Amino acid sequence: MWLFTRDGFFSLAVTPFCEPGDVAVRARRREHLENLMARHGVQAEIMVFPEADYRYRIQIPRAQWGKIMQAEGEGLDYESFKDAMGPTADDADYMRAMSATRAAIRKIQMRALPPE
């Protein structure tokens, strides 16, 4: 699962390093995990895998991840994620990545649907 949030971009998976019942929350930038952990009160060691696709990772119980997802959903207070991120994001690379992803997915939509 990929997830863009106000805190950063995350990839969720059950990796060979996970304990039973845990999920790996992976990020390309350490501060993205630090932001997520601070917002949701997560206590976990940030592991560093220098040669991995996602260099920074934490492992947390699936139930804790479920509570994070619930809190993220309940905390929605914007009409457009893209617009909400614009004035608050101080990371231009992150903003470009979100915009590029949005554009790529929009192309898929445009190819799949006949014009109205």
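Residues numbered from 1 in each chain as written. Predicted model: local features only at pLDDT ≥ 70, side-chain atom pairs only at ≥ 80, totals over all residues. Heavy atoms only, no water.

*Asks:* Help me get a handle on the sheet that holds strand S1 (residues 2–4), residues and values and all.
*Replies:* Spatially, the five strands line up as an open sheet ordered S1-S2-S3-S5-S4, and their pairing is antiparallel. Across the chains shown, the open sheet's two edge strands, defined by having one partner strand only, are S1 and strand S4 (47–48). Pairing of S4 with strand S5 (residues 56–61) involves two bridges; the strand directions are antiparallel. Looking at S5, one finds that Val48 is bridged to Tyr56. Across the sheet, helix H1 (residues 30–40) touches strand S2 (9–13), strand S3 (22–27), S4 and S5, and the angle it forms with S5 is around 30 degrees. (Pairing = 2+ DSSP bridges. Helix = DSSP H or I, 4+ residues; strand = E, 2+ residues; numbered from the N terminus. Contact = heavy atoms within 4.5 Å. Axes fitted to C-alpha atoms, helices over the stretch in contact; angles between N-to-C directions.)

*Asks:* Any details on the pattern of salt bridges? Residues and values, ideally.
*Replies:* Enumeration over the complete set of coordinates arrives at five salt bridges. Here Asp77 makes a salt bridge to Arg6, at a shortest N to O gap of 2.9 Å. Taken together, the residues Asp77 in the loop between helix H2 (62–74) and helix H3 (81–88) and Arg6 in the loop between S1 and S2 connect sequence positions 71 residues apart. The partner of Arg29 in a salt bridge is Glu31, with the nearest N and O atoms 2.2 Å apart. The partly exposed category is assigned to Arg29, whose relative accessible area is 33%. (Salt bridge = Lys/Arg side-chain N within 4 Å of Asp/Glu carboxyl O. Buried < 20%, exposed > 50% of the residue type's maximum accessible area, 1.4 Å probe, protein only.)

*Asks:* Please give an account of the pairing of S3 that cites residues and values.
*Replies:* Among the six residues of S3, six are classified as buried, and the element is accordingly described as predominantly covered. Across three bridges, S2 lies against S3 in antiparallel orientation. What sits directly across from Ala13, in S3, is Ala24.

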